[in-house]
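Overview (structure and organization)
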Amino acid sequence: MPTEIYLVKVGMTMHEGTVEEWYVADGERVEAGAMLYRLETEKVNLDVDAEASGIVRHLAAEGDTLEPGDVVGFIYADGETIPDVLPRPQPKRDIAVVGEEPSARGSARGLPSQEESSAPPLQAKPAASKTRVAASPAARRLARERGVSLEGVAGSGPGGRIVEGDVPAAPPASEPPKRIAASPAARKLAAELNVDLANVDGSGPRGRITREDVQSAADAPATAQPSAGTATRMSAMRRTIAERMHSSLRDTAQLTMDMEVDVTDLVKLRGNLIDEWADDGVRVTYTDLVLVAAARALIRHPKMNACLSDDAITTYDYAHVGMAVALDEGLIVPVIRDAHEKPLREVARESADLAARARAGSLGLGDLTDGTFTVTSLGMFGVDTFTPILNPPQAGILGVGRIYDGVKWHDGTPVRTPMLRLSLTWDHRVLDGAPAAEFLAGVREYLEQPYRLLV
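What counts and how
Residues numbered from 1 in each chain as written. Predicted model: local features only at pLDDT ≥ 70, side-chain atom pairs only at ≥ 80, totals over all residues. Heavy atoms only, no water. Helix = DSSP H or I, 4+ residues; strand = E, 2+ residues; numbered from the N terminus. Buried < 20%, exposed > 50% of the residue type's maximum accessible area, 1.4 Å probe, protein only. Phe/Tyr/Trp six-rings, centres within 6.5 Å; stacked < 30°, edge-to-face > 60°. Pairing = 2+ DSSP bridges. Axes fitted to C-alpha atoms, helices over the stretch in contact; angles between N-to-C directions. Parallel < 35°, antiparallel > 145°, perpendicular 65-115°, else oblique. Left-handed = near helix turned anticlockwise from the far one by under 90°. Contact = heavy atoms within 4.5 Å. Expected span 1.5 Å × (residues − 1). Salt bridge = Lys/Arg side-chain N within 4 Å of Asp/Glu carboxyl O.

**Points about the environment of Glu21**
- By the element assignment, Glu21 lies in strand E3 (residues 17-22).
- Classification of Glu21 as partly exposed rests on a relative accessible area of 24%.
- With 16 residues separating them in the primary sequence, Glu21 and Tyr37 have C-alpha atoms 5.7 Å apart.

**Digging into the packing of aromatic side chains**
- Taken as a whole, this structure holds 4 aromatic pairs when the rule is applied.
- Between Tyr316 and Tyr318 the ring centres are 5.4 Å apart and the planes differ by 50 degrees, which places this aromatic pair in the tilted class.
- When its relative accessible area of 21% is taken as the criterion, Tyr316 is described as partly exposed.
- For the ring pair Phe373 and Phe439, a centre distance of 5.4 Å and an interplane angle of 65 degrees mean the geometry is edge-to-face. With Phe373 in strand E19 (residues 373-377) and Phe439 in helix H8 (residues 433-448), this pair connects stretches of sequence that are 66 residues apart.

**What to know about the pairing of strand E7 (residues 54-58)**
- In terms of residue burial, E7 counts as a mostly covered element, since 4 of its 5 residues are buried.
- With 2 bridges joining them, strand E4 (residues 29-30) and E7 adopt antiparallel strand pairing. Among the inter-strand pairings, Arg29 is bridged to a residue of E7, identified as Ile55.
- Across 4 bridges, the pairing between E7 and strand E9 (residues 71-76) is antiparallel. Across the sheet, the residue bridging to His58 is Gly73, located in E9.

**Brief notes about the packing of helix H6 (residues 286-300) against helix H7 (residues 344-360)**
- Interhelical geometry of H6 versus H7 gives an angle of 125 degrees and a closest axis separation of 10 Å. Judged by the inter-axis angle, H6 sits oblique to H7. In this structure, H6 crosses over H7, and the sense of that crossing is right-handed. Residues Asp288, Leu289, Leu291 and Val292 of H6 touch H7, and the partners they reach there are Leu344, Val347, Ala348 and Ser351.

**Examining the sheet that holds E7**
- Strand order in the open sheet formed by 4 strands is E1-E9-E7-E4, with antiparallel pairing between adjacent strands. Every interior strand has two partners, whereas the edge strands, strand E1 (3-6) and E4, have only one.
- Pairing of E1 with E9, which is carried by 4 bridges, proceeds in the antiparallel orientation. Note on E9: the bridge partner recorded for Ile5 is Gly73.

**Examining the side chain of Asp26**
- Note on placement: Asp26 falls in the loop between E3 and E4.
- Accessibility expressed as a relative area gives 2% for Asp26, which makes it buried.

**A look at H8**
- Between its terminal C-alpha atoms H8 stretches 22 Å, which fits the 22 Å expected from 16 residues at 1.5 Å a residue.
- Those residues of H8 lying buried are Pro435, Ala436, Phe439, Leu440, Ala441, Gly442, Val443, Tyr446 and Leu447.
- Buried residues along H8 sit against strand E12 (254-262), helix H5 (264-277), H6, E19, strand E20 (396-410) and strand E21 (413-427).

**Here's the deal with unusual backbone geometry**
- Cis geometry is adopted by the peptide bond preceding Pro393, which originates at Pro392 and carries an omega value of 5 degrees.
- Inspection of the secondary structure assignment puts Pro393 in the loop between E19 and E20.
- For Asp370, which is not glycine, the phi torsion reads 75 degrees and is therefore positive.
- We classify Asp370 as partly exposed; its relative accessible area is 38%.
- Despite not being glycine, Asp411 has its phi angle at roughly 55 degrees, a positive value.
- Look at Asp411 and you get exposed, because its relative accessible area is 83%.

**Focus: the pattern of salt bridges**
- Applying the stated criterion to the full structure yields 17 salt bridges.
- The shortest N-O distance in the salt bridge between Asp47 and Arg38 comes to 3.1 Å.
- Under the relative-accessibility criterion, Arg38 is labelled buried at 9%.
- Lys342 is paired through a salt bridge with Glu350; the nearest N and O atoms lie 2.8 Å apart.
- Glu350 sits in the partly exposed class, given a relative accessible area of 21%.
- Here the salt bridges do not stand alone but share partners, grouping Glu20, Arg38 and Asp47 into one network.

Now the structure itself:
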C-alpha cells in the first residue's frame, strides 16, 4: 500500500497549515529523506521530508490549507500500481507533533490508508523540464527581495544547497521580479473573491498578506467611513502573543523582585573579550554574559529550573535558556540548548546567529521549543527595571536593564560604580520567594566575579 503523506503538526497549538510549495512534482520520484513539501503555519515555516522512496502523487495543491493529520499525498513504491483515481483516506488526527526532537525539519509519516472512496481522477503533472535549484527558504526570500536569479549560484550549504549567505554575491537578474508578499492561501482566496492584492495591507510577518487580510478586504464597504484614528487588525503573531501573555497573567502567580549588580569587572571583561575575539567575528553582549550566568545558576538552584503541569512540578538537570528577540511584528524566543555546558564564546556566537535568523524569519521549530527559562533585555532602550511576564510553563524569566552610574562607598567615600539591575519574575506556585532570591543572588555572584563564566 502507498505511504501516506500527512500535513504534519507543528506544536501543540497548531490548528491548520498550508502546503506552500511542493518540492517534488506530481508523478516524479523522490528518495527517502529528501525535501518533499514546504509547510506554512502561523508560527514557523518548515520543510517536510519524505519518509519513503517512490513516486509522489498529490492530493493537496499548493496553497491548500488543511488541518494537521490530513493526507496531502502518497508515495507509491517501485512496482506498485498507481490508480487513476487516488484514494481519499480519513485524516489522522492523533498525528505526532513535530519538534519533540531538536530539529528544524519535520517528517512525512507513512501509514496504511484507513478508508478509500471515489474521487475525481488526478492527472499526473509532467516532470519538470528544469531541475529545481536547491536553496534554503531564507535564500529564496532574499533572492526575491533583491531581484537575484539563483541559477548558477554556487551553494555553500550541505550538498551544494544555496543558503542565505550565498545570495548577496549573486549577480542581479535583468528584470527584478515585482512580487507581492502573500501566502499561497491568501493568493488563492484573492483569486476566488476577485480581490486585488496590490490594494490589501498585510498583517503577517514583515507585512505579508494572509487569508484573513484578503477576507477583510473583500468584506470591507466600498466607501470607508472617516474615523478619528487608524485601526490596524492584529496579525496572527501579535494575536498569539496577546493570548499567551493574557493567559500567563491569568493562570500563574507571578511576582517580581529586583537586585542590583556591581558590573565593574564585567564591563572590563567584555571589553577585553571583544578585542580578543574580534578576528573571529564574535562580539559578546551583556545579554550573553547574563544568559550564561543564569544558565549556571539554574543548575545550582534547580527549583527555578522547573515547570508546573497539572499537579506535578518538573525540574530539569539541564538549562535550555530562551533569549527574547524583538521583531517589528512581535517578540520571539529562540532557545540556546544546554547553555550551562557551553563556553561563553560559543553562546555568544549562537545567540548572534539565532537573533539574525529570527529577524530573517528563518528559524525552525527546533529553535523555539523546550526552553526551561528565559532571559529578556530592555537595557538597550535605557530601561532601568521592568516586570517581565512568564513564558509558561517555565517558572521564571529574568529581565536585564541598562548599565548606569551607581554609587558604592569605600571607607566613607562615594565611588562612581557601573551598576546593572536584574528583574526576576517567578511563579509563586512553583517556588517561594526565598529560593527565588537565592537563584537571583547566584546570578549576581557570577556577574560580579565574571572570570567564573570562562571556566
